[in-house]
Amino acid sequence: MKKLSFIEIQDLIKIYESKETFIRVPALRGIELEVKKGEFISIIGPSGSGKTTLLLILAGMTEPSAGYVRVDDIQIDKLDDTQRAYYRRNHVGTLWQLPSRNLIWELPIIENVELPMRLLGVPREQRKKLAKELLKEVGLETRMEHKPSQLSGGEVQRAGLATALAHQPKLLLADEPTGELDSHTAEELLIYFRDLNKSYGITAIMVTHDYFVASKTNKIIQIVDGRISGYNPARELESLIDMNKVYIDRYGTIQLPKHIVEQIETQKEIKVSMENGKIILEQNN
Amino acid sequence: MINPIDETKARKVFLKSLFIITRSFYYRFFQYSKVKQKIEKNKNIKYLFGVLLSIVFIWLIPFLLLLDFLLILFLPSLHIFKPMFKAGWKFNLITTVGVILAVSIISQYVFFIYSYQYQAFELYLEDEPRTFIQAQIDSVHIEPSYTQTYLIDRIADVTIQEMNLTNNILQRDLFFKRGTFTSTYDPIAKQTYLPNLPLVGLTDRLSLFLSNHLTQGRFPENFGEVLVFLSSNFYNHSTIRVNSTINLYIPISLLKQASLSEPQAQTEVTVTGIVISDNLTDFSVIGSDKGIPFDIFLNLYEGNAVLSPWTIAARILSSIQLTYGFASIYENLFYDIGTIDTFNLDGEISKLKELAINLKDSYLQMGGYSGVDINSYLLTAIEEFKDEYNLYQIFMFAFLAPIIILTLILTVYAANLVRKKRERQLTILSERGTTKIEIGSYLALESLIFGIIALFLGIALGIPVSALLTKSSGFLSFGNQTSRLQIKIPSLSQALFGSLLVILIIQTFNVITLLKTRSIEDYGKVEKTLPSFYRYYVDIIFISTGGILWVIYQLPILSGFRDKTTKSIGIPAMIILLFGIVLLIQRLLPIFSKSVLKLTQIPSDKLKKKLRLDIFSLGIKEITRYQSSFVRSSVILSLSFAIVVSAIVVPASYQKFNIDGAYYDLGADIVIENFPIENKFLIEEIENITEIQSTCIVKYAALSDISGDYAITHAILGIDLNKFAETAFFREDFVDHSLKQLLSLLKEDTRVIAQEDEIKTINRGVGDSLIMGYRAYNESRRGSDGSPFYRSNISVEIVGLFKYWPILVKDISTTNTLSILNHFVANISIFNKIELSPLEIKDYLLIKVNQKEDIEEITNKIKTIAGSNVENVNSKIFVREGSARSSILYSAINSTLIMSFTINSLIIALYASVQLIERSREIATMKAIGVSKSQLLLLFLSEYATLLIFSTIMGLLSGLFSSWMLMNIITINRSIPPFIMKFPMFYIVLVGLILLLTAFIGALIPSLTATNKNIGTDLRQSS
Ligand SMILES: Nc1ncnc2c1ncn2[C@@H]1O[C@H](COP(=O)(O)OP(=O)(O)O)[C@@H](O)[C@H]1O
Ligand SMILES: [Mg+2]
């Protein structure tokens, strides 16, 4: 019998639909991915390429538009709201770039770490013991009663890591956890991350745009324009979206429709100007 | 003393008011379908509608509570309760403060209104002795036996029983009265005169009362014996003493003069006792704490009478020739004031009207008496009370409604300020795998806890404040002892009921918004534009809606419905317009801050000062940067200041309007109506009172004529030119130029000045002459038909114009009806040229009292000289200082002020602290680059100072506008004399300063803590 991989993703498509403007933004355009149990992989790619979106789907925080996503023996794309909440509660630990998204700022570190265990109904004594152990492992045993605002950036992310692991998830997802840290502190956090990944045998996926960070992992996957780099999806996405409307994100990134991209020379500079409220893109030959 | 209130009445009242809320709702919808058939058709819908509304009102609360309960009980969220509560209580507390305020205002309002309404009518009657219903049966042959009194009383008794009013009318008293006069010698004036001295026959209770209160002598027992009831003044001016005999005459002709000289019928009686009315205790009545002055009880106009037991008096009466034993019988019915339901005044009014009709009917049907008049003084009192009470309610409503809206805005605003932080917590909770239902359940539990806290704290806060308010005696002073706070089960439950509804609505709203899906993306956004509601032109919509409503309210067609439209259209229009204007003027905030900025950028020589100015201008620049948040708090600040300003201006203007109105109706400080102006001796005696500055005689008559289809009336007020200006009340705006100038034109008898609008409608003007036709009277010209009346006319010349004239002009006729009324003022000597029957001319004596003298005291002095026809301006003023009536007026104002102070300091403190938390990074950066603590403080305070100054100015302007509107609403039923706005600058400035101070302290505390914070933690804290 063929041994199943821990994560299996096929033809994953995610289109964001803006309720105000009715513009549809394709974030993922057909992802195919397999991850083995216990693996520590990193996802790299330019800003806006869909890395976060992929993590959100794996974390059960947003619904895929189409495709097949399985984590362990759970098919996530079939889950409803409540089921997804239970999935998050039982199986996933997350660590985000923004420290304020990882910890409740008004609670001391220890209570933050205890929170996921409370959700699972772990008895008090056990909860306290586990939380202390975890905090010891990330080197914060003396700071347990402190609030996040009293810690340094690296310490906060370490506390966030402890929280993400508190309920012993099978899957650990991290979205640029080192993004706000200096390189030294980032490296430190990474060491903790790898150690814990090993000692708990957790499958871990980390998003980063830093090749150095990525190089510390078992495997690097690159995402460009919502696709795993060098891979062409079987299904054409363009049929799903309006061919003549494009979306500009808040960084100014534009994704041109495929039928235009096919006609132009890519990897080349273009001139952008604005006239009477119209944006003009010019390519000089 | 006020009767203690029994609980059953209270409970009844509570249920009733629930019913009334429901009923008044559907009446609002159905009152216009007054056609009978339509009502029949609508009956079912009406019924359904009522039931539906009751369900909504009575069941919404239990429903929301049940929902809360279910969420908490069956979907436990207890496992996350502890950490979430620990993390969130601070934020909840901020919202709870708003809710506490709202609850305390509601409970204040309810407690106060209840306490007031329980006692209001009794308090109102404090100054009104005539609280009974009097049946007057004219031309009854008086029998010298008590069977007659028994039979007549029986008729009233049966009627009362039929109407089930036996418990309401606890006492009835009968007497008869016949107008007689006597002749006596005045030892002071040294002349004989003929005072009125009516003959009164008493029933047992009245006899007993008087025999217990004799001043001299004994009570009459035998035929021909009488008791004399008179004032001490009369006593001094006559030779009537115990044991003296006096003659009683009856007048024969209608005319005073004719009859006085030759009495035609008479009898002789012996005085056995004397009662001096001045110090007689009041006649006590069952069901009332205070009694009734006996002269008022007997309806004596001049306060004097001869009295005897019924049988004796009846025989005296029949012994006077030409009376044939006929007199009027009076029955006074005393209604137990305590049983009057002040919560259902309309019901009481119709009950009293019905009683009057039934009584009249019964006297006719059962006794055969046709000349029956029912004088329901009580009914008049209730009707007047209703008008007055309506006015108070308008006051309370007009001020408290915006205040409650303001607290709700504050609550929502506070909730919004902390929402981001709350949402962050809840997002993390949800990302860690908490289901929506668990979060909802937690939020419900949490809001229940804070709701209960808010409920109890709010009511606990409301009780002392309303206790204080009940004592309101003036502007922010609390010395009134007449009314006291009454907290009873119904008021408590209504306060709980109302508060619970508000809390549940706020909390439900809060939970729903918090449960919405959140996106973490918009952290730390800076809003550079106006708040989003400006995008929909909310301000313009408000102003146009309010404006349209205002125009509708002012429509002449609706003038008949003002009672109803004031609350439903007038005040809402005012409130909507006020909100609209306040919102609109916020658009000026950036312009304002920019111009302040320019002012601060004037180059300065001193370097130190320059730096300070730079920091200041930086602070002002921030206002444009954080425009949205600034505008939000500026709206609230301007609004509360506007409300405060109108809370000062409106009562002051109203008080002035009230006093002016009283003076306008009366004419002077003190006025004696039907004054015998020929009695030079009397005028002299009055003028001799040292506290009196001057007196002036005024005559009034209306000359009526018919010309073609038109009935024309020329109302003429003849005044004493030399004394009018210094004696009478007059306001500069009543005439175009000066009063003196105008009066100097009237030297000749036939010159008049006219009302300017009226004279235009008959196409006349200054310089024109006018012929007034009228029915003249001359006794010596009796023609062949025997009538002394004939047609005559007088030609006058119009020499000037006026707008308003006290006593004379109550209504200006400008419409084209078939009757024309024109008003004129002339020299008093014009009446020498007009031959009218003396009965058609009204004579007044106007009296001006020296400044700072007590008008009341002097009135009493004059009464002892001139009888009881003396009226003073004080008794005509609605809201006198220290009265129970002023208490409610001032409590509305004081409550508004107190609440505004609280809201202002809270809002700015809240706003400042949240702003400073949001900007903690910025603050830390500034500190890091070396900005000192004091500079930082200056920076914040300059921001708040600019904000405060702006909102104060805008609040003042919009406050003045809304005051003007409110004055229009209050005075809409009375346009003459027009109201004048009063601006008590001292109070406005005082309150403005208090507001600024409280707000500034509110801003200072968080600013100080922010400047003292550690840089490290702030820089590290992510936004
Ligand atoms: N909630 C959203 N609504 C609309 N578009 C979104 C939303 N979230 C992300 N996007 C868009 O989807 C694309 C992928 O975003 P994301 O997954 O955040 O990329 P990355 O994490 O690689 O920077 C981007 O173009 C982004 O603008
Ligand atoms: Mg991302």
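It should be noted that the structure appears before, not after, this text.
Residues numbered from 1 in each chain as written. Chains lettered and ligands numbered in written order. Predicted model: local features only at pLDDT ≥ 70, side-chain atom pairs only at ≥ 80, totals over all residues. Heavy atoms only, no water.

Draft legend 1. Focus on the side chain of B:T971. Residues and elements named next belong to chain B. Here T971 lies in the loop between α26 (933-970) and α27 (985-1012). Polar contacts involving the side chain of T971 include one to the main-chain carbonyl oxygen of M967, which spans 2.7 Å. Sequence-distant contacts of T971, defined by excluding residues within four places in its chain, comprise F657 and F979. (Helix = DSSP H or I, 4+ residues; strand = E, 2+ residues; numbered from the N terminus. Polar contact = N/O pair within 3.5 Å; in protein donor to acceptor, adjacent residues only side chain to side chain. Contact = heavy atoms within 4.5 Å.)

Draft legend 2. Main features of the interface of chain B and chain A. Residue-level contacts link 27 residues of chain B with 31 residues of chain A. Roughly 2,700 Å² is buried in total at the junction of chain B and chain A, and carbon and sulfur atoms are behind 54% of that figure. Connecting chain B to chain A are nine residue pairs in polar contact (both at pLDDT 80 or more). Of all the secondary structure elements, the ones that give two or more residues to the side of chain B that touches chain A are α3 (78-124), α11 (377-431) and α28 (1015-1020) of chain B. Residues that form the side of chain B that touches chain A fall into these classes: nine nonpolar, nine polar and nine charged. (Buried area = accessible area lost by both parts, 1.4 Å probe. Nonpolar A, V, L, I, M, F, W, Y, C, P; charged D, E, K, R; others polar.)

Draft legend 3. Layout of a nonpolar patch on the surface. Residues and elements named next belong to chain A. Nonpolar side chains collect at one region of the surface, where I254, L256, I260, V261, I264, I270, V272, M274, I279 and L281 lie side by side and expose about 790 Å² of accessible area between them. For the nonpolar patch, the secondary-structure elements that each account for two or more residues are α9 (258-261), β11 (271-275) and β12 (278-282). Within the secondary structure, L256 is located in the loop between β10 (227-228) and α9. For L256, a relative accessible area of 30% puts it in the partly exposed group. (Patch = residues over 30% accessible without salt bridge, like charges linked within 9 Å, V, L, I, M, F, W, Y side chains within 5 Å. Areas by Shrake-Rupley, 256 points an atom, 1.4 Å probe, with all protein chains shown as cover. Salt bridge = Lys/Arg side-chain N within 4 Å of Asp/Glu carboxyl O. Buried < 20%, exposed > 50% of the residue type's maximum accessible area, 1.4 Å probe, protein only.)

Draft legend 4. Seen up close, helix α15 (residues 562-585) of chain B. In the structure, α15(B) departs most strongly from a straight axis at B:S568, where the bend amounts to approximately 30° and where the proline B:P572 lies between one and four residues downstream. In terms of burial, α15(B) is a largely internal element, 17 of the 24 residues being buried. (Bend = angle between axes of the 7 residues up to and from the residue.)

Draft legend 5. Layout of the packing of aromatic side chains. Residue and element names in this part refer to chain B. Summed over all chains, the structure comprises 33 aromatic pairs over all chains. Between F209 and F283, the aromatic rings sit 5.1 Å apart at their centres with planes inclined by 85°, giving edge-to-face as the arrangement. Taken together, the positions of F209 in helix α5 (residues 204-212) and F283 in the loop between β9 (266-276) and α8 (294-297) put the pair 74 residues apart, joining distant regions of the chain. Residue F209 is classed as buried on the basis of its relative accessible area of 9%. When its relative accessible area of 3% is taken as the criterion, F283 is described as buried. An angle of 10° between the planes, with centres 5.6 Å apart, marks the rings of F294 and F297 as stacked. Taken together, the residues F294 and F297, both in helix α8 and three residues apart, mark about one turn of the helix. For the pair formed by F294 and F297, the shared burial category is buried. (Phe/Tyr/Trp six-rings, centres within 6.5 Å; stacked < 30°, edge-to-face > 60°.)

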